[in-house]
Amino acid sequence: MIEEILPKSFDDLIKDVHELGICGECGGCVSFCSAHEIKAIEMSESGPPRYYNKDNCLKCGICYLICPQTHVLDKELNEKYNYKVSIGNWLKITTNRASSKEILKNATDGGSVTAILNYLLDHNLINGAIVSKKEVPFNRVPFFATSKEELIEAAGSHYDLSQGVVGLEKYNTFIPTITKLKNVVNSDMMNIAVVGTPCQIMSIRKMQELSILPAHIIKYTLGLFCNLNFSFSSEGRKELEEEFHFSFNDVEKMNIKEDLIITLHNQKTIHIDFDELGRITRAACYACRDFSNVYADISFGGLGSKDGFTSTIVRTKIGEKIYNNALKEGYIKEPNEFNTSIKKSETLAKIIGFGKRKYERYVKSMKERL
Ligand SMILES: Cc1cc2nc3c(=O)[nH]c(=O)nc-3n(C[C@H](O)[C@H](O)[C@H](O)COP(=O)(O)OP(=O)(O)OC[C@H]3O[C@@H](n4cnc5c(N)ncnc54)[C@H](O)[C@@H]3O)c2cc1C
Ligand code: SF4
Ligand code: SF4
Ligand code: SF4
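Residues numbered from 1 in each chain as written. Chains lettered and ligands numbered in written order. Predicted model: local features only at pLDDT ≥ 70, side-chain atom pairs only at ≥ 80, totals over all residues. Heavy atoms only, no water.

1. Here we look at the overall build of the chain
Part 1 of the argument: Looking only at helices and strands, the chain features 14 helices and 13 strands.
Part 2 of the argument: The buried share of the chain, reckoned over its 370 residues, is 56%.
Part 3 of the argument: Partitioning the contacts of the chain with sequence separation of at least 6, the portion at a separation of at least 24 is 70%.
Part 4 of the argument: Summing over all exposed atoms, the chain offers an accessible surface of approximately 16,800 Å²; the carbon and sulfur share of this is 51%. (Helix = DSSP H or I, 4+ residues; strand = E, 2+ residues; numbered from the N terminus. Buried < 20%, exposed > 50% of the residue type's maximum accessible area, 1.4 Å probe, protein only. Contact = heavy atoms within 4.5 Å. Areas by Shrake-Rupley, 256 points an atom, 1.4 Å probe, with all protein chains shown as cover.)

2. Here we look at the packing of aromatic side chains
Part 1 of the argument: Enumeration according to the criterion identifies 8 aromatic pairs in this entry.
Part 2 of the argument: Above the face of the Tyr52 ring, Lys39 is positioned so that its terminal group lies 4.2 Å from the ring centre.
Part 3 of the argument: Positioned above the aromatic ring of Phe143, the side-chain terminus of Lys133 is 4.2 Å from the ring centre. (Phe/Tyr/Trp six-rings, centres within 6.5 Å; stacked < 30°, edge-to-face > 60°. Lys NZ or Arg CZ within 6 Å of the ring centre and 35° of its normal.)

3. Topic: the site of ligand 2
Part 1 of the argument: Around ligand 2 sit Ser9, Phe10, Cys33, Ser34, Ala35, Ile41, Cys57, Leu58, Lys59, Cys60, Gly61 and Cys63, and those are all the residues in its vicinity.
Part 2 of the argument: Of the residues assigned to the shell around ligand 2, the class counts are 8 nonpolar, 3 polar and 1 charged. (Near = heavy atom within 4 Å. Nonpolar A, V, L, I, M, F, W, Y, C, P; charged D, E, K, R; others polar.)

4. Structural notes on the pairing of strand E3 (residues 92-98)
On a regular strand, one side chain projects to one face of the sheet and the next to the other, so that they alternate.
Part 1 of the argument: A large share of E3 lies buried, amounting to 5 of its 7 residues.
Part 2 of the argument: Where E3 lies against strand E12 (residues 310-314), 5 bridges are found, and the strand directions are antiparallel. Bridged to Thr94 within E12 is Thr312.
Part 3 of the argument: The sheet contact formed by E3 and strand E13 (residues 332-333) spans 2 bridges and is antiparallel. (Pairing = 2+ DSSP bridges.)

5. Overview of the site of ligand 3
Part 1 of the argument: The environment of ligand 3 is made up of Leu13, His18, Cys23, Gly24, Glu25, Cys26, Gly27, Cys29, Pro49, Cys67 and Pro68.
Part 2 of the argument: When its residues are assigned to classes, the shell around ligand 3 shows 7 nonpolar, 3 polar and 1 charged.

6. Concerning the side chain of Glu42
Part 1 of the argument: The residue Glu42 is located in strand E1 (residues 41-42) in this model.
Part 2 of the argument: Here Glu42 is in contact with Val30, Pro49, Arg50, Tyr51 and Tyr52, once residues within four sequence places are set aside.

7. Re unusual backbone geometry
Part 1 of the argument: Cis geometry is found at the peptide bond from Leu213 to Pro214, where omega equals 0°.
Part 2 of the argument: The residue Asn82 is not glycine, and still its phi comes out positive at about 55°.
Part 3 of the argument: Within the secondary structure, Asn82 sits in the loop between helix H5 (74-80) and E3.

8. Examining the confidence of the model for the chain
Part 1 of the argument: Summary statistics for the chain give a mean pLDDT of 87 and a share of 90% for residues scoring 70 or more.
Part 2 of the argument: Note on residues 160-168: pLDDT is under 50 here. Beyond four places in sequence and across chains, it has 24 contacts. (pLDDT = per-residue confidence, 0-100.)

9. Points about the environment of Glu276
Part 1 of the argument: Position of Glu276 relative to the elements: it lies in the loop between strand E10 (269-272) and helix H12 (283-286).
Part 2 of the argument: As for Glu276 and Leu240, which are separated by 36 residues in sequence, their C-alpha atoms are 8.9 Å apart.
Part 3 of the argument: If sequence neighbours within four positions are ignored, Glu276 has contacts with Leu240, Glu243 and Phe244.

10. A closer look at the pattern of salt bridges
Part 1 of the argument: Overall, the coordinates contain 19 salt bridges when judged by the stated rule.
Part 2 of the argument: For Glu42, the salt bridge is made with Arg50, and the minimal N-O distance between the two is 2.9 Å.
Part 3 of the argument: On the basis of relative accessible area, Glu42 is assigned to the buried category, the value being 16%.
Part 4 of the argument: With a shortest N-O distance of 3.7 Å, Glu242 and Lys238 are connected by a salt bridge. Of this pair, Glu242 and Lys238 are both found in helix H11 (residues 234-244), 4 residues apart, which corresponds to roughly one turn of the helix.
Part 5 of the argument: Overlapping salt bridges, with partners in common, bring together Lys39, Glu42, Glu45 and Arg50 in one network. (Salt bridge = Lys/Arg side-chain N within 4 Å of Asp/Glu carboxyl O.)

11. Describing the sheet that holds strand E9 (residues 260-264)
For sheets, the rule is that strands pair by backbone hydrogen bonds, running either parallel or antiparallel.
Part 1 of the argument: Across the sheet, which stays open at both edges, the 3 strands sit in the order E8-E9-E10 with antiparallel pairing between neighbours. Looking at the sheet topology across the chains shown, the edges are occupied by strand E8 (251-256) and E10. Averaged over all adjacent pairs, the angle separating strand axes in this sheet is 20°, with direction ignored.
Part 2 of the argument: Bridge count between E9 and E10: 4 bridges; the pairing is antiparallel. (Axes fitted to C-alpha atoms, helices over the stretch in contact; angles between N-to-C directions.)

12. Overview of H11
Part 1 of the argument: By the burial criterion, the buried members of H11 are Gly236, Arg237, Leu240 and Phe244. Along the axis of H11, the buried residues cluster in a sector spanning 100°; they form a single face. Residues Glu235, Lys238 and Glu242 are exposed on H11 and point more than 90 degrees away from its buried face.
Part 2 of the argument: Positive backbone phi, at 55°, marks His245, one or two positions downstream of H11. (Arc of directions from axis to C-beta.)

13. Let's talk about helix H10 (residues 198-209)
Part 1 of the argument: Taking 1.5 Å of rise per residue, 12 residues should cover 16 Å, and H10 covers 16 Å from first to last C-alpha, within 8% of that figure.
Part 2 of the argument: Summarising burial for H10: 10 of the 12 residues are buried, a large majority.
Part 3 of the argument: Those residues of H10 that sit buried are Pro198, Cys199, Gln200, Ile201, Met202, Ser203, Ile204, Arg205, Lys206 and Met207.
Part 4 of the argument: Those residues of H10 that are buried are in contact with helix H4 (62-66), H5, helix H9 (181-184), strand E6 (192-196) and strand E7 (218-224).
Part 5 of the argument: Ser211 occupies a position one or two residues after H10 and carries a positive phi of about 55°. (Expected span 1.5 Å × (residues − 1).)

This is the structure we're talking about:
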């Protein structure tokens, strides 16, 4: 219960999250700090957030409550979203892809995320969506997309290297999109969608549970599967280039499915197992237990689908409604062959398998840290 958790403060976040090395640097605590106007805490150049002026801290505990690594409110969220171990609730599991050729051309997998966002925009169900878009070849930034063109700009994971390998030294596959939330609000009447990793969607659900503004404007949450995220330090990159015989200058696209898939300009693909990626994996991700984004309205990933398709788990009634309408109106298509129970159970088994392994990894990692 929330009453039993309070009072907590940023000191407790330092003790329970930062000192265990599990801060994911999502920026949520800084963005939604109750003392934001007078500035109590700030992001640091590298590493977890820090006090800017400790005297300004109101000891309200909001930062502690919304941090995805504290696991307070798990019970409340699990009840509300009908959580079942490792995979969460699901009303439908399927594979699909966007009908639009333009979306498909730019998408990571089947472009279904972009196609459903496009459906929401076309029907004025949202004013825009918080996504992430490429700023320089190897750097994505949180972005509020309000048109189909902007959604397409933000889709996919291609890297235009015409400007050289710009940004790779700071490249992190985790993008703190949640920090964008405060900047997009210009009216209480806005409706928006958010695309995010499981940790980001969890923060949003916690904010909604606690009625922290502006979480009320988020009407749809589209979650991405997420096993691990990576930070491409120069040493880590060099080691990968040497071991797997490629150059980041030749990379056209990176995707994460059952492993990290690097596609080169000559269309050669290199698969690197997650176990080989320890040198560039963000430490916080080992302490994360949700693979398939259990609190989202709909979750999406490449795992379990053939190339060019997106595996999709429809979880909530809201998710079901928009999924079915997007399908009915032709924004997305499901291949016929998937409508067999064998294909469905194969996909489901893969997702459950990854979910279980991620949970076990979390338990092991926390045992080692505590
Ligand atoms: C960091 C990360 C890790 C992932 N790990 C896995 C995995 O382990 N296994 C797996 O099967 N799938 C994983 N996925 C999901 C997969 O890569 C695809 O995003 C998913 O299948 C949807 O594909 P799509 O073609 O339908 O999406 P698209 O139509 O291409 O749309 C993708 C949307 O995600 C947004 N986006 C891109 N990067 C980020 C980011 N870092 N944070 C928030 N939003 C972002 C884009 O702006 C876009 O709106 C991961 C995705 C990300 C971003
Ligand atoms: S004011 Fe509240 S949200 Fe901000 S740092 Fe202090 S306890 Fe955390
Ligand atoms: S994980 Fe996010 S919310 Fe938690 S302490 Fe780190 S930056 Fe703050
Ligand atoms: S592995 Fe977990 S903590 Fe890391 S980016 Fe993915 S959801 Fe967030």
